[in-house]
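Working through the structure, step by step
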Amino acid sequence: MSKRRSKGRPLDGILLLDKPQGLSSNDALQKVKRIFFAQKAGHTGALDPLATGMLPICFGEATKFSQFLLDSDKGYRVIAKLGVRTDTSDADGEVVSERPVDVVMGDLLEALDKFRGPIMQVPSMYSALKYQGKPLYKYAREGIEVPREARPINVYKLTLVRFEGDEVELDVECSKGTYIRTIVDDLGEVLGCGAHVVMLRRTKVSGYPMERVVTLERLEALLEKARADEVSPGDYLDSFLLPMDSAVQDMPAVEVKEASAYYLKQGQAVQVPGAPNEGLVRLVEEGTFIGVGIIDDDGKVAPKRMVVAH
């Protein structure tokens, strides 16, 4: 029996999508996958429908390295509205309380100090974290509250951009797993008036430049242009793709010879002179990225995620 061929074209690389407001990350992913006519694609950590901004989408073999982007640091611009608290901590939710805003700049600056550095955060019930195999937001929609443990996060930078009336605008740089909605909700409680997110834009994932993001409208327009010009859509679209090793650019590179690369691809650890003593490494064979390795207890380089050539 012949093996069923996957629909779409084999494509490897990473696209930095500027996710539009009102679209779930998965909906955005499916649209991009169709535009590129890609066999395989995945995103690197969901953004709320209300949120916009950088959403790296991995195609083909790059999906093997999406976890490293999921685990990377992030950056956001957020606008919070004081005086109103919602059940989802953002403008898409139902109002649960309204209180007068009696906050002066000194109060705000003092409150912001509590959210810098390593802190513990209790995730919102409206998050994708799972409890007994089911996302928390599904319990929340059924009116069920389940226990959540506080988790350690790190807010490296929390900069006040603007404070006008009942609006606070902030720049945030933080570790993985940080919920900006929860920071805003908690800030509102510290200030005694409540708060929720009215605008959220992701400005940073790992070290990717914001200048490289591309909108769905731009991609769709180029797809139409390719059809009108009767050329392959890839001729206009593929130049937006970043190399898949850009997801692991922070890892030290280890050059391996052809023989060593062969054994690594067979799942075997190899001795590589000059390799680091520990941690993850980016494996390169004659200038070509072939995967991610890890230094094992014997000091050898063991394969962790390897690229399979089409």
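Residues numbered from 1 in each chain as written. Predicted model: local features only at pLDDT ≥ 70, side-chain atom pairs only at ≥ 80, totals over all residues. Heavy atoms only, no water.

Tallying each qualifying case throughout the model produces 3 aromatic pairs. Taking 5.1 Å as the distance between ring centres and 40 degrees as the angle between the ring planes, the aromatic pair formed by Phe 36 and Phe 59 counts as tilted. In this pair, Phe 36 is assigned in helix 1 (residues 25-36) and Phe 59 in strand 3 (residues 52-59), connecting sequence segments 23 residues apart. Overall, the relative accessible area of 1% leaves Phe 36 in the buried class. Relative to Tyr 263, the ring of Tyr 262 has its centre 5.4 Å away and its plane inclined at 80 degrees; by these criteria the two rings are edge-to-face. (Phe/Tyr/Trp six-rings, centres within 6.5 Å; stacked < 30°, edge-to-face > 60°. Helix = DSSP H or I, 4+ residues; strand = E, 2+ residues; numbered from the N terminus. Buried < 20%, exposed > 50% of the residue type's maximum accessible area, 1.4 Å probe, protein only.)

This part covers the nonpolar core. In terms of nonpolar packing, the biggest core is built from 52 residues, with Leu 15, Val 32, Phe 36, Phe 59 and Leu 219 touching the most fellow members. Ignoring anything within four residues of it in the chain, the contact list for Val 32 reads Leu 15, Leu 17, Ile 57, Phe 59, Leu 216 and Leu 219. Val 213, Leu 242, Ala 247 and Val 248 belong to the second largest nonpolar core, which has 19 residues in total. (Core = buried A, V, L, I, M, F, W, Y, C linked by side-chain atoms within 4.5 Å. Contact = heavy atoms within 4.5 Å.)

What follows deals with the sheet that holds strand 14 (residues 253-255). If you trace the 4 strands from one edge of the open sheet to the other, you get 14-15-16-17, paired in mixed fashion. Looking along the sheet, the strands with just one partner apiece sit at the ends: strand 14 and strand 17 (301-306). Each neighbouring strand pair of the sheet contributes to a mean axis angle of 40 degrees, computed without reference to strand direction. In terms of strand pairing, strand 16 (residues 288-295) meets strand 17 through 5 bridges, oriented antiparallel. Note on strand 17: the bridge partner recorded for Val 292 is Arg 305. Relative to strand 17, helix 8 (residues 258-265) is tilted by about 65 degrees, and along the sheet it contacts strand 15 (280-285), strand 16 and strand 17. (Pairing = 2+ DSSP bridges. Axes fitted to C-alpha atoms, helices over the stretch in contact; angles between N-to-C directions.)

Taken as a whole and assessed by the stated rule, the structure comprises 20 salt bridges. For Arg 9, the salt bridge identified is with Asp 238, shortest N-O distance 2.7 Å. One end of the pair, Arg 9, is in the segment before strand 1 (13-19); the other, Asp 238, is in the loop between helix 7 (234-237) and strand 14, with 229 residues separating them in the sequence. With relative accessibility at 25%, the residue Asp 238 sits in the partly exposed group. Each of Arg 77, Arg 162, Glu 164, Glu 167, Glu 169 and Asp 171 takes part in salt bridges that share partners, so that together they form one network. (Salt bridge = Lys/Arg side-chain N within 4 Å of Asp/Glu carboxyl O.)

This paragraph deals with unusual backbone geometry. Within the chain, Ser 89 stands out as a residue other than glycine whose phi angle is a positive 70 degrees. Mapped onto the secondary structure, Ser 89 falls in the loop between strand 5 (84-86) and strand 6 (95-98). According to the relative accessible area criterion, Ser 89 is buried, its value standing at 6%.

Running from N to C, helix 1 and helix 6 (residues 216-229) point in directions that differ by 20 degrees, and their axes come no closer than 10 Å. As judged from the angle between their axes, helix 1 and helix 6 are roughly parallel. For the pair helix 1 and helix 6, the crossing hand works out as left-handed. When helix 1 is examined against helix 6, the residues Lys 31, Val 32, Ile 35 and Phe 36 are found in contact with a partner set consisting of Leu 216, Leu 219, Glu 220 and Leu 223. (Parallel < 35°, antiparallel > 145°, perpendicular 65-115°, else oblique. Left-handed = near helix turned anticlockwise from the far one by under 90°.)

With that out of the way, let us pick up helix 1. Helix length check: helix 1, at 12 residues, gives a terminal C-alpha distance of 17 Å against a target of 16 Å (1.5 Å per residue), a fit within 8%. By the burial criterion, the buried members of helix 1 are Ser 25, Ala 28, Leu 29, Val 32, Ile 35 and Phe 36. Looking down the long axis of helix 1, one finds its buried residues gathered within 125 degrees of arc, a one-sided arrangement. At its buried positions, helix 1 is contacted by strand 1, strand 2 (41-43), strand 3, helix 6 and helix 7. At the C-terminal side of helix 1, Phe 37 shows a positive phi close to 50 degrees. (Expected span 1.5 Å × (residues − 1). Arc of directions from axis to C-beta.)

On their own, these measurements won't tell you what the molecule is for.
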